[in-house]
Amino acid sequence: MYSAHPGRYDAMPYRRTGRSGLMLPALSLGLWHNFGSDLDLDGRREILRGAFDMGITHFDLANNYGPPPGEAETVFGRLFAEDFAPYRDEVVISTKAGYLMWPGPYGEWGSRKSLLASLDQSLRRMRLDHVDIFYSHRYDPGTPLEETMGALHTAVQQGKALYVGISNYPAEETRQAAAILRGLGTPLLIHQPRYSMLDRAPEDGLLETLEEVGAGAIAYSPLAQGLLTDRYLNGVPEGSRAAGTSPFLTADAVTGSLVSRLRALNELAGERGQSLAQLALAWVLRDDTVTSAVVGASSVRQLRDSVEAVARLEFSDAELLRIEAILAADPD
């Protein structure tokens, strides 16, 4: 019988999400491609328990996470019922809908029918009566924003979600979505963009927009699919994601110029007493607009290494300038 560690809240910092009352841990656990059917159940149970014992109170899912799609929610639902049911009020659970989940015209994108049907399916898989945050997973140019945001508002009215968010939306559509939701009486809580040292697109207007509308940001892929770890300091190692068949990271992305920059960042991390991954996580969290960063984990040991990043989140001006110079180095 699982009993949570009594000191689980001692070290993890919690940040307010935009102008809401919701606090999220600086690091959240994402159950994306690390929670599929190829992992043993006990291993996944160990990761969830370890995360909560380290103060990670936010579990981030989506309808199509796995693989196969839906598997992450199904496994999470079983483990949550067995281990975490007594702690439900201490945990934030989020899920999303928008990417392809089932065949036909209603299995993806942002229509009212698709979003609300997907949420009902997610709740059944996770054995929950509500989630804490329900996201529109991507902007749908073929559906009026009023319809998509109206569906999120309905989820809150129905008691199936406490808060709503969006993910992968451009800055202008984010501003419009926030205005629509504000008018409906369901404020936009949070936006989940991809953000890392190697992908700084949110700095081109999105983070500023979120600050203006009072929403928080939660960064996914803060380690750039593992590039911002010590695995690629000497190129593409055998058995790595880039060496495999992953559509998200290929060997072509690991150029000589990138390896040089990774080594320079790793040197700076060492001077700070951190690993490269810890440096990358701390850098993403340097801006207060970023409430949390979503990390994945294949083991408790890997997760613990990520959590150790919160011990040093501050940067000197000199360190930030040095990072900028490293990142600005000419690509191949």
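Let me sum up the structure you'll find in this document.

Reading guide: rules and limits
- Residues numbered from 1 in each chain as written.
- Predicted model: local features only at pLDDT ≥ 70, side-chain atom pairs only at ≥ 80, totals over all residues.
- Heavy atoms only, no water.
- Helix = DSSP H or I, 4+ residues; strand = E, 2+ residues; numbered from the N terminus.
- Expected span 1.5 Å × (residues − 1).
- Buried < 20%, exposed > 50% of the residue type's maximum accessible area, 1.4 Å probe, protein only.
- Contact = heavy atoms within 4.5 Å.
- Polar contact = N/O pair within 3.5 Å; in protein donor to acceptor, adjacent residues only side chain to side chain.
- Pairing = 2+ DSSP bridges.
- Axes fitted to C-alpha atoms, helices over the stretch in contact; angles between N-to-C directions.
- Right-handed = clockwise from strand over helix to strand, strands pointing away.
- Phe/Tyr/Trp six-rings, centres within 6.5 Å; stacked < 30°, edge-to-face > 60°.
- Lys NZ or Arg CZ within 6 Å of the ring centre and 35° of its normal.
- Salt bridge = Lys/Arg side-chain N within 4 Å of Asp/Glu carboxyl O.

Focus: helix 1 (residues 41-53)
With 13 residues, helix 1 extends 18 Å from end C-alpha to end C-alpha; this agrees with the ideal 18 Å at 1.5 Å per step. The complete set of buried residues in helix 1 reads Arg 44, Arg 45, Ile 47, Leu 48, Gly 50, Ala 51 and Phe 52. Among the structural elements, strand 3 (27-30), strand 4 (58-60), helix 2 (71-84) and helix 9 (300-307) are those in contact with the buried residues of helix 1. At the N-terminal boundary of helix 1, the capping side chain belongs to Asp 40, with an oxygen 3.3 Å from the backbone nitrogen of Asp 42. Just past helix 1, the residue Gly 55 takes up positive phi, approximately 95 degrees.

Comments concerning the sheet that holds strand 4
Spatial ordering of the closed barrel is given by 3-4-5-6-7-8-9-10, a layout of eight strands whose pairing is parallel. Direction aside, the axes of adjacent strands within the sheet are offset by 30 degrees on average. In the packing of helix 6 (residues 206-213) onto the sheet, the strands contacted are strand 8 (188-192), strand 9 (216-219) and strand 10 (290-295), and the crossing angle to strand 9 comes to about 145 degrees.

Let's talk about the side chain of Ser 122
Mapped onto the elements of the fold, Ser 122 is located in helix 3 (residues 112-126). Among all residues touching Ser 122, those that are not within four sequence positions of it are Asn 63, Glu 73 and Thr 95.

Structural notes on the pairing of strand 6 (residues 131-136)
The buried count for strand 6 comes to six of six residues, which makes it a mostly enclosed element. Strand direction decides the pairing type here: strand 5 (residues 92-97) and strand 6, joined by four bridges, are parallel. Within strand 6, the residue paired with Ala 97 across the bridge is Ser 136. Handedness of the strand 5-helix 3-strand 6 crossover: right-handed. As paired elements, strand 6 and strand 7 (residues 161-167) share five bridges and run parallel to each other. Bridged to Tyr 135 within strand 7 is Gly 165. The parallel pair strand 6 and strand 7 is bridged by helix 4 (residues 145-157), and the resulting crossover is right-handed.

Digging into the packing of aromatic side chains
Counted according to the given criterion, the structure contains eleven aromatic pairs. With a centroid separation of 5.6 Å and 45 degrees between ring planes, the pair formed by Tyr 195 and Trp 283 is classed as tilted. Here the residue Tyr 195 occupies a position in the loop between strand 8 and helix 6, and Trp 283 occupies one in helix 8 (residues 276-284), the gap between them amounting to 88 residues. When its relative accessible area of 1% is taken as the criterion, Trp 283 is described as buried. Taken together, the ring pairs connect Tyr 2, Phe 52, Phe 59, Phe 76, Phe 80, Phe 84 and Tyr 87 into an aromatic cluster. Here the basic side chain of Lys 113 rests over the ring of Tyr 106, its NZ or CZ set 5.5 Å away from the ring centre.

Remarks on unusual backbone geometry
The amide bond that connects Gly 66 to the next residue, Pro 67, takes the cis arrangement and shows omega of -5 degrees. Its location among the elements puts Pro 67 in the loop between strand 4 and helix 2. In this chain, Pro 67 is followed by Pro 68 through a cis amide linkage whose omega measures -5 degrees. Along the chain, Pro 68 turns up in the loop between strand 4 and helix 2. The residue Asn 168 is not glycine, and still its phi comes out positive at about 65 degrees. For Asn 168, the position within the fold is in the loop between strand 7 and helix 5 (171-184). What makes Asn 168 partly exposed here is its relative accessible area of 26%.

Notes on the pattern of salt bridges
A complete count under the given rule lists 21 salt bridges for this structure. Through salt bridges with shared partners, one network takes in Arg 45, Arg 49, Arg 78, Glu 82 and Asp 83.

A closer look at the environment of Lys 96
Summarising the element assignment, Lys 96 is placed in strand 5. On the accessibility criterion, Lys 96 (0% relative accessible area) is buried. A C-alpha to C-alpha distance of 21 Å links Lys 96 and Ala 85, two positions eleven residues apart in sequence. Each residue touching Lys 96, except ones within four places of it in the same chain, is listed here: Asp 60, Leu 61, Ala 62, Asn 63, Tyr 65, Ser 118, Phe 134, Tyr 135, His 137 and Gln 192. There is a polar contact of 2.8 Å between the side chain of Lys 96 and the side chain of Asp 60.

That is the geometry; function is a separate question.
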